[in-house]
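Residues per chain, in single letters:
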Amino acid sequence: MKILIRGILIALFAVSLLSGIAPAQSSQTPDASKSAESGQKPKSEKSGAKADRIDINSASKEQLDALPGIGEKYAQKIIDGRPYKSKAELVRKKIIPQSTYAEIKDKIIAKQK
């Protein structure tokens, strides 16, 4: 009986040692963990976010209307005020209110030709 208990204790001790030595696993991919350490977004997230942005200088009325807080009226005002040097001009030119701009500023871009 003592041998059995000693064997179990040795096995538990060995398992606890091995679990402390095993490298920590992360749910992030290697690129994502490097980016998190440097404070940057992963490449896929960066390019995906830019690709999803709507260009206020060329977007259709339907694309603009799909943005949160932008209805047909604001979409038409955005189109009528083109071209824009920067997306912030939407507020400066009083095309849309600041509160609406705050909702969409990360979803839009004003590309220059």
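Residues numbered from 1 in each chain as written. Predicted model: local features only at pLDDT ≥ 70, side-chain atom pairs only at ≥ 80, totals over all residues. Heavy atoms only, no water.

Peer 1: How would you sum up the overall build of the chain? Please name residues and give values.
Peer 2: Helix and strand counts for the chain stand at seven helices and two strands. The N-to-C order of helical and strand elements in the chain reads α-α-α-β-α-α-α-α-β. Partitioning the contacts of the chain with sequence separation of at least 6, the portion at a separation of at least 24 is 44%. Counting only carbon and sulfur atoms, one obtains 58% of the accessible surface of the chain, whose full area is about 8,700 Å². (Helix = DSSP H or I, 4+ residues; strand = E, 2+ residues; numbered from the N terminus. Contact = heavy atoms within 4.5 Å. Areas by Shrake-Rupley, 256 points an atom, 1.4 Å probe, with all protein chains shown as cover.)

Peer 1: How would you explain the confidence of the model for the chain if you had to name every residue and give the values?
Peer 2: On average, residues of the chain score 81 in pLDDT, and 69% of them are at 70 or above. Element-level mean pLDDT values for the chain span from 49 in helix α2 (residues 30-38) up to 98 in strand β2 (residues 108-109). Confidence drops under pLDDT 50 across residues 32-37; counting only partners more than four residues distant or on other chains, this segment forms six contacts. Per-residue pLDDT stays below 50 along residues 41-47; that stretch engages in five contacts with residues further than four places along the chain or on separate chains. (pLDDT = per-residue confidence, 0-100.)

Peer 1: Residues and numbers for the environment of Lys-105, please.
Peer 2: Among the structural elements, Lys-105 can be located in the loop between α7 (98-104) and β2. In this structure Lys-105 comes out as partly exposed when scored by relative accessible area, which is 36%. Separated by 17 residues in the primary sequence, Lys-105 and Ala-88 have C-alpha atoms spaced 8.1 Å apart. (Buried < 20%, exposed > 50% of the residue type's maximum accessible area, 1.4 Å probe, protein only.)

Peer 1: Summarise the nonpolar core; cite the residues concerned and give the values.
Peer 2: Membership of the largest hydrophobic core comes to 16 residues, with the highest contact counts inside it found for Ile-56, Leu-64, Ile-78, Leu-90 and Ile-96. Elements that contribute at least two residues to this core include exactly α5 (72-80) and α7. Apart from residues no more than four positions distant in its own chain, Ile-56 is found in contact with Leu-64, Ile-78, Arg-82, Tyr-84, Lys-87, Leu-90, Ile-108, Ile-109 and Ala-110. (Core = buried A, V, L, I, M, F, W, Y, C linked by side-chain atoms within 4.5 Å.)

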